[in-house]
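Read off the chains here:
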Amino acid sequence: MKMESDNSPKIVKTYDRFIVRMGNALSWLNIVLIVVIIVQVILRYVFGHGLVKLEELQWYLYGVCIIFGFSYCQARDTHIRLDLLYERFSPRTKDIVAIFGTIFLLMPFVITVFYHSLPFFWESYVHGDYSDAPMGLPFRWIIKGTIPVGFLLIFCSALSRIFRSLSNLKHSQEDR
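Residues numbered from 1 in each chain as written. Predicted model: local features only at pLDDT ≥ 70, side-chain atom pairs only at ≥ 80, totals over all residues. Heavy atoms only, no water.

**Student:** When you look at the nonpolar core in this model, what are you seeing that I'm missing?
**Tutor:** Among soluble globular proteins, nonpolar side chains are generally buried collectively. Ile19, Val20, Tyr60, Val64, Phe68, Tyr72, Ala75, Leu137, Ile143, Leu153 and Cys156 form the largest nonpolar core, which has eleven residues in total. Among the elements that take part in this core, helix H3 (residues 52-76) stands out by supplying five residues, more than any other. (Core = buried A, V, L, I, M, F, W, Y, C linked by side-chain atoms within 4.5 Å. Buried < 20%, exposed > 50% of the residue type's maximum accessible area, 1.4 Å probe, protein only. Helix = DSSP H or I, 4+ residues; strand = E, 2+ residues; numbered from the N terminus.)

Listed below in structure tokens is the structure:
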């Protein structure tokens, strides 16, 4: 895993360490999510009465795990690649592909979502947004607030990836 490479600048290691620690801590939400799902299933199918709050909590927990999990995968370099040729590339070519892919594909998406999620969150916070369901969860702005925070972490992990790849390229040229 390149994350632990000695070639990486200190700031890259700091970013990655922070994101991985946060990912490890938030991964426990998956256990909470499983418990909530099991309780909801038991309430609905055994007792014939589910709770809207539990159903919404499932979606909130799932959303948080996905948003923060993406930055974790980016920092650990364990995200899914759809490029079938990538595995055959040399380490140098992989770093070049990572740099260009991150700059021209990932970063514009992340910046766009981050930019548009700020007013989405703020409007929700100012208006005290809550669930449309009669017995739904209050404070919907909290889950909407995880979008800009999560995408900020994805941005940081993408920057880290760029710097890590640049460092690897620099050190591979020095080895010649």
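**Student:** Would you take a moment to explain the packing of helix H1 (residues 10-26) against H3 for this structure?
**Tutor:** How two helices sit against one another is set out by the angle between their axes and by the gap between those axes. The N-to-C vectors of H1 and H3 enclose an angle of 140 degrees; their axes lie 9 Å apart at closest approach. In terms of orientation, H1 and H3 fall into the oblique class. Judged by the sense of rotation from one axis to the other, the crossing of H1 with H3 is left-handed. Listed contacts from H3 to Asp16, Ile19, Val20, Met22, Gly23, Asn24 and Leu26 of H1 are Cys65, Phe68, Ser71, Tyr72, Ala75 and Arg76. A breakdown of the residues in the contact of H1 with H3 according to their chemical character gives eight nonpolar, three polar and two charged. (Axes fitted to C-alpha atoms, helices over the stretch in contact; angles between N-to-C directions. Parallel < 35°, antiparallel > 145°, perpendicular 65-115°, else oblique. Left-handed = near helix turned anticlockwise from the far one by under 90°. Contact = heavy atoms within 4.5 Å. Nonpolar A, V, L, I, M, F, W, Y, C, P; charged D, E, K, R; others polar.)

**Student:** It is not clear to me how a nonpolar patch on the surface should be interpreted in this structure. Could you clarify?
**Tutor:** Taken together, the side chains of Ile34, Ile38, Ile42, Val46 and Phe47 make up a nonpolar region of the molecular surface, amounting to roughly 510 Å² of accessible area. Take Val46: it is sitting in the loop between helix H2 (29-45) and H3. (Patch = residues over 30% accessible without salt bridge, like charges linked within 9 Å, V, L, I, M, F, W, Y side chains within 5 Å. Areas by Shrake-Rupley, 256 points an atom, 1.4 Å probe, with all protein chains shown as cover. Salt bridge = Lys/Arg side-chain N within 4 Å of Asp/Glu carboxyl O.)

**Student:** What is the right way to read the packing of aromatic side chains from this model?
**Tutor:** In this description, an aromatic ring pair is defined by two values, namely the gap between the centres and the angle between the planes. Enumeration according to the criterion identifies seven aromatic pairs in this entry. Aromatic pair Tyr86 and Phe89: ring centres 6.1 Å apart, planes at 65 degrees, arrangement edge-to-face. Three or more aromatic residues joined by ring pairs form one cluster here, namely Phe121, Trp122, Tyr125 and Trp141. (Phe/Tyr/Trp six-rings, centres within 6.5 Å; stacked < 30°, edge-to-face > 60°.)

**Student:** What exactly am I supposed to notice about the environment of Pro91 here?
**Tutor:** Locating Pro91 in the fold gives a position in helix H4 (residues 91-126). Residues Pro91 and Ser172, spaced 81 residues apart in sequence, show a C-alpha to C-alpha distance of 9.2 Å.

**Student:** Which parts of the structure should I look at to understand the side chain of Ser167?
**Tutor:** Tracing the backbone through its elements, the reader meets Ser167 in helix H5 (residues 140-174). Taking the relative accessible area as the measure of exposure, Ser167 reaches 8% and is therefore buried. Non-local contacts of Ser167, meaning those with residues more than four positions away in its chain, are made with Asn7, Ser8 and Pro9.

**Student:** For this particular structure, what's the right way to read the layout of surface pockets?
**Tutor:** Rolled over the atoms, a probe with the dimensions of a water molecule shows which regions are left empty. Of the pockets and cavities examined, the largest pocket occupies roughly 350 Å³. Lining the largest pocket are 15 residues; nearest its centre among them are His79, Arg81, Ala98, Gly101 and Thr102. For the lining of the largest pocket, the elements supplying multiple residues, two or more each, are H3 and H4. By residue number, the principal contributor to the lining of the largest pocket is H4, which donates six residues. Among the residues making up the lining of the largest pocket, the classes are represented as eight nonpolar, four polar and three charged. (1 Å grid on protein atoms, 1.4 Å probe; cavity = no way out; pocket = protein on both sides within 12 Å on 5 of 7 lines; lining within 4 Å. Points joined across faces, edges and corners; volume = space filled by probe spheres on them.)

**Student:** I'm lost on H1 in this one. Help?
**Tutor:** Note: α-helices contain 3.6 residues per turn, so residues at a spacing of three or four share the same orientation. Between the first and last C-alpha of H1 there are 24 Å, a value that for 17 residues agrees with the 24 Å anticipated at 1.5 Å per step. Listed as buried for H1 are Val12, Asp16, Ile19, Val20 and Gly23. Taken down its axis, H1 places every buried residue within 100 degrees of arc, on the same side. The exposed residues of H1 that point more than 90 degrees off its buried face are Lys10, Arg21 and Ala25. (Expected span 1.5 Å × (residues − 1). Arc of directions from axis to C-beta.)

**Student:** Is there a simple way to explain the confidence of the model for the protein chain in this structure?
**Tutor:** Detailed reading of the predicted coordinates is not advisable wherever pLDDT falls low. Averaged over every residue, the pLDDT of the protein chain is 88; residues scoring 70 or more account for 94%. Mean pLDDT values over the elements of the protein chain span from 89, in H1, up to 95, in H2. This model gives residues 1-5 a pLDDT under 50, and the stretch forms 16 contacts once residues within four places in sequence are excluded. (pLDDT = per-residue confidence, 0-100.)

**Student:** Even after reading the chapter, I still don't get the environment of Val39, so can you show me in this structure?
**Tutor:** Within the secondary structure layout, Val39 lies in helix H2. Relative accessible area serves as the criterion here: at 35%, Val39 is assigned to the partly exposed category. For Val39 and Leu51, which are twelve residues apart along the polypeptide, the C-alpha to C-alpha distance reads 9.6 Å.

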